[in-house]
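Each chain, written out:
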Amino acid sequence: MDKRIIIIASALIAVLAIVASGAGLFMNGLYKNDTKSGAAQEQGNDLVTLVLCVPLLAVSTYYAARGSLRGRLVWTGMVFYFLYVYAMMSFLSAYNQLFLVYVAAFSLSLYTFAYSVLTLDVNAVKESFSGAPTKAAAGFMFLIAIAVSAMWLGMIVPSLLTGERPVALETYTTLVVQALDLGVIVPLSLIAGVLLLQKKAWGYALASLIFVKGITLGTAVLSMALFMSLNGVEVVLPQVAIFVLLVLGALALAIIFYGKMKVPAASAA
């Protein structure tokens, strides 16, 4: 992948994310049309984006641009984070002055992520992870799929059976987060788990992306819960506990996976 694309795309995503998250944290009334819960969650996400994810994007960009395979994988995972977050902001947040910024960040992240995945040498990824614990990683992929499915279906199915609106819907028209999780994250985790058990190259690549996203977005969810609590919004503690476990699991496995990664000395990072 051309390092100029990595640097330019990352710089643009970072600028858009800084503008969006900075405004969310410091611009009074930006989320005035969102529910109290929604606004609290958006600000919690803004905080993690600004202080954790933008710096991680910058660091991974540096190593990816130098040709590090480890850096490339982490960088692609970070782009996936921004893709997911600004898809949510584009489709879920109440319309505000930064709508076009959300759409731009979403679109740029989408095509950058697609380009990175399409140009990734997955055979090199598999080779580099030859000593990684594939069964443990596959089990974690299945755990993510089961936990997320149980959490959201446990809320959605009863509402479908009774005809009542789910509490999480509040005043919004549909469940965007749940649609993204059930439609993207659950299938992706299942696919990664199956491919890992089969020791297929794409299994290692997908698992790597999910580890990075699990750490970053999971941390963002915990920040959302904190902001909700600080704003007097009821927090579902079992859901918080699930995300704590997922973040810790993703972090532990990422450390093990990347720690065992074998890369050429000239491109090690």
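Residues numbered from 1 in each chain as written. Predicted model: local features only at pLDDT ≥ 70, side-chain atom pairs only at ≥ 80, totals over all residues. Heavy atoms only, no water.

Caption draft 1: The layout of surface pockets, seen in detail. When its volume is computed, the largest pocket comes out at roughly 1200 Å³. The set of elements that each furnish at least two residues to the lining of the largest pocket consists of α2 (36-65), α3 (69-91), α6 (134-162), α7 (176-197), α8 (201-230) and α9 (237-259). Among the elements that make up the lining of the largest pocket, the one with the highest residue count is α8 (10 residues). In this structure, the second largest pocket spans a volume of roughly 170 Å³. Leu56, Val74, Met78, Val212, Ile215, Thr216, Leu251, Ala254, Ile255 and Tyr258 together form the lining of the second largest pocket. By residue number, the principal contributor to the lining of the second largest pocket is α9, which donates four residues. (1 Å grid on protein atoms, 1.4 Å probe; cavity = no way out; pocket = protein on both sides within 12 Å on 5 of 7 lines; lining within 4 Å. Points joined across faces, edges and corners; volume = space filled by probe spheres on them. Helix = DSSP H or I, 4+ residues; strand = E, 2+ residues; numbered from the N terminus.)

Caption draft 2: Focus on unusual backbone geometry. Unlike most non-glycine residues, Lys199 shows phi in positive territory, near 55°. Mapped onto the secondary structure, Lys199 falls in the loop between α7 and α8. For Lys199, a relative accessible area of 44% corresponds to the partly exposed category. (Buried < 20%, exposed > 50% of the residue type's maximum accessible area, 1.4 Å probe, protein only.)

Caption draft 3: Structural view of the UniProt feature "transmembrane region" (unreviewed entry) in the protein. The sites that carry the UniProt feature "transmembrane region" (unreviewed entry) are, in the present numbering, residues 5-27, 47-65, 72-93, 99-124, 136-155, 175-197, 204-228 and 240-259. The distance separating the terminal C-alpha atoms of residues 175-197 is 32 Å; by composition the span is 96% helix and 0% strand. (UniProt positions renumbered as here; feature names shortened; annotations may be inferred.)

Caption draft 4: A look at α2. The end-to-end C-alpha distance of α2, which contains 30 residues, comes to 41 Å, matching closely the 44 Å that a straight helix rising 1.5 Å per residue would cover. A bend of about 45° at Thr49 is the largest found in α2. Just downstream of α2, Gly67 is the residue with a positive phi angle, here 95°. (Expected span 1.5 Å × (residues − 1). Bend = angle between axes of the 7 residues up to and from the residue.)

Caption draft 5: Representation of the nonpolar core within the structure. Core analysis: the largest hydrophobic core is formed by 83 residues, its most contacted members being Phe82, Tyr86, Phe129, Met141 and Phe211. Of all the elements, α3 adds the most residues to this core, at 15 residues. (Core = buried A, V, L, I, M, F, W, Y, C linked by side-chain atoms within 4.5 Å.)

Caption draft 6: Representation of the side chain of Ser128 in the model. Position of Ser128 among the secondary structure elements: in helix α5 (residues 122-128). Not counting residues within four places of it along the chain, the set of residues in contact with Ser128 comprises Leu69, Lys260, Met261 and Lys262. (Contact = heavy atoms within 4.5 Å.)

Caption draft 7: Examining the pattern of salt bridges more closely. Evaluated as defined, the whole model comprises one salt bridge. Taking the shortest distance from any N to any O, the salt bridge between Arg4 and Asp2 comes out at 2.7 Å. (Salt bridge = Lys/Arg side-chain N within 4 Å of Asp/Glu carboxyl O.)

Caption draft 8: Representation of the packing of aromatic side chains within the structure. Under the criterion given, the structure shown has 11 aromatic pairs. Relative to Phe82, the ring of Tyr81 lies with its centre 5.1 Å away and its plane at 85°, an arrangement referred to as edge-to-face. Grouping residues by exposure puts Tyr81 and Phe82 together as buried. Here the aromatic rings of Phe129 and Tyr204 are separated by 6.4 Å at their centres, their planes lie at 10°, and the arrangement is stacked. Here Tyr204 lies in helix α8 and Phe129 lies in the loop between α5 and α6, a separation of 75 residues in the sequence. Overall, Tyr204 belongs to the buried group, its relative accessible area being 4%. An aromatic cluster of three or more residues is present, and its members are Phe129, Phe140, Tyr204, Phe211, Phe257 and Tyr258. (Phe/Tyr/Trp six-rings, centres within 6.5 Å; stacked < 30°, edge-to-face > 60°.)

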